[in-house]
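# Summary of structural features
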Amino acid sequence: MIVPYSHLLILAVILFVMGAVCTIARRNLIMILIGVEIMLNAAGLAFIGASLYWKQLDGQAFVLFIMAVAASEVAVGLALIVYLQRRTGSVNADDYSAMKG
Amino acid sequence: MTLYGGIFYLLAILVLVSTILAITRRHAVNAIVYLIVSFFGTALLFYLLGAPFLAVLEVIIYAGAIMVLFLFIVMMTDLQPSERGKGLALGQWLPAIILGAISLLVMAALIVAVPTNQIGLRGGMAAPIAFGHFLFQQYWFPVEIASFLLLIALVGALYLGRRESKLEPHPSKENR
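Predicted, not measured: the structure shown is a model, and the values here were computed from it.

What counts and what doesn't
- Residues numbered from 1 in each chain as written.
- Chains lettered and ligands numbered in written order.
- Predicted model: local features only at pLDDT ≥ 70, side-chain atom pairs only at ≥ 80, totals over all residues.
- Helix = DSSP H or I, 4+ residues; strand = E, 2+ residues; numbered from the N terminus.
- Buried ≥ 20, exposed ≤ 12 C-beta atoms within 10 Å, placed from the backbone.
- Contact = placed C-beta atoms within 7 Å.
- Nonpolar A, V, L, I, M, F, W, Y, C, P; charged D, E, K, R; others polar.
- Domains from an automatic or database assignment.

If you tally the helices and strands in chain B, you get seven helices and zero strands. Ordering the α and β elements of chain B from the N terminus gives α-α-α-α-α-α-α. Buried residues in chain B amount to 23% of all 176 residues. In chain B, of all internal contacts separated by at least 6 residues, the share reaching a separation of at least 24 is 53%.

So, on to the interface of chain B and chain A. Contacts between the two partners involve 70 residues from chain B, matched on the other side by 59 residues from chain A. For the side of chain B that touches chain A, the secondary structure elements donating two or more residues are helix H1 (3-24), helix H2 (28-48), helix H3 (52-76), helix H4 (90-113), helix H5 (128-138) and helix H6 (140-161) of chain B. Looking at the side of chain B that touches chain A residue by residue, the classes come out as 51 nonpolar, 17 polar and two charged.

The next subject is the domain arrangement of chain B. Along its sequence, chain B is organised into domain 1 (1-80 + 121-126) and domain 2 (128-160). Taken over C-alpha atoms, the centre of domain 1 of chain B sits 23 Å from the centre of domain 2 of chain B.

Moving on, we come to the environment of tyrosine 47 of chain B. Residues and elements named next belong to chain B. Mapping tyrosine 47 onto the fold places it in helix H2. Put simply, tyrosine 47 and leucine 149 are 102 residues apart on the chain and 27 Å apart in space, counted from C-alpha to C-alpha. With residues near it in sequence (within four places) discarded, tyrosine 47 still touches Pro52 and Ala55.

As structure tokens, then:
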């Protein structure tokens, strides 16, 4: 026995909330993407724990797909950041105020 | 507490501390380097929880590819001091931390309330070859979809990252 299953889930939840706080509170677009990465990673950790808990490999397969989604999301997101930086000269989310009405 | 339990808690502390440091750094480069430490810790956790193949993939994809991509972008976009003002603005952090604490409490209560969650995890190890056989027997179609998703992301990133063309109006628009 390694640890109770609940401890692993709570670790994953704490990591997920940290990523969410980073996404909400930061204004830098790169930091927002980093928060999303932390959240995806925490979800992967929970999946691996569940995979070990039920002795099924499906959880590990899902982590593989989470990694694929994270990689493609980061590629497109960073391309968008570069595009926005060329257009507006800023990577600060507060500076994109063209639709403030 | 067994040896594996001690390793788990040590790694958990490592991951949590490095993630806290990462999300509070002002400069993105420091945050990225702390996050690499966090991902290494997560990879060791994956190995401890019986997923050696995914531990290797975590190091290669997350700590290697994704974080290096972040570093490249930070170098490409000449960052001004992006978060204005000094330190961390309380007005941005306070609501986020309150909301995060509430959701953390609710989720932790839900997890603790289920009695079967208190069962200890028994160690196990999924051999990479068994995982590969399982993946391509049960999940071959999602694997294809994932590869297609990566291709689409590649095309999208290329399209977004191309140089701005000359500012000539497109000929088809003039003919209208």
